[in-house]
Amino acid sequence: MSAPTPPGPAPQGPGLQPPDYGRPSQALITRADRGYARFLAAQAPDTSTVDQDQDDAAGRR
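Residues numbered from 1 in each chain as written. Predicted model: local features only at pLDDT ≥ 70, side-chain atom pairs only at ≥ 80, totals over all residues. Heavy atoms only, no water.

**Considerations on the overall build of the chain**
What counts is decided by this rule: Each helix is a run of DSSP H or I of at least 4 residues and each strand a run of E of at least 2, with the numbering of both proceeding from the N terminus. Here the term buried applies to any residue with accessible area under 20% of the maximum for its type, exposed to any over 50%, and partly exposed to those in between, with areas from a 1.4 Å probe on protein chains only. Each accessible area is a Shrake-Rupley estimate made with a 1.4 Å probe; only the visible protein chains count as cover when residues are assessed.
Within the chain, the regular secondary structure consists of 2 helices and 0 strands. Here the chain, with 61 residues, has 0% of them falling under the buried criterion. For the chain, the computed accessible surface area is about 6,400 Å², with 56% contributed by carbon and sulfur atoms.

Next comes the structure, spelled out in structure tokens:
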């Protein structure tokens, strides 16, 4: 036999977790967005404008 089901929702006690447990906070999402934007903004140097030393090395041989 099982215990009867209470008619209303169970009261939140100190041992129960709030409904949004496990969901990230808005502050954490904002911080992650800034980090991702910084990651996307960091680009490798353009190889067409960077002075390559390969031509100089070939000319000295």
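There is more to say after this.
**Things to note about the packing of aromatic side chains**
The relation between two aromatic rings is expressed through the spacing of the ring centres and the mutual angle of the planes. Counted only if it meets this: Classification of ring pairs rests on two measures: the distance between centres of Phe, Tyr or Trp rings, Trp counted by its six-membered ring, which must be within 6.5 Å, and the angle between planes, read as stacked under 30 degrees, edge-to-face over 60 and tilted in between.
Across all of its chains, the model carries 1 aromatic pair by this definition. With a centroid separation of 6.3 Å and an interplanar angle of 20°, the aromatic rings of Tyr 36 and Phe 39 are classed as stacked. Residue Tyr 36 and its partner Phe 39 are located together in helix α1 (residues 26-41), separated by 3 residues, close to a single helical turn. Phe 39 sits in the exposed class, given a relative accessible area of 59%.

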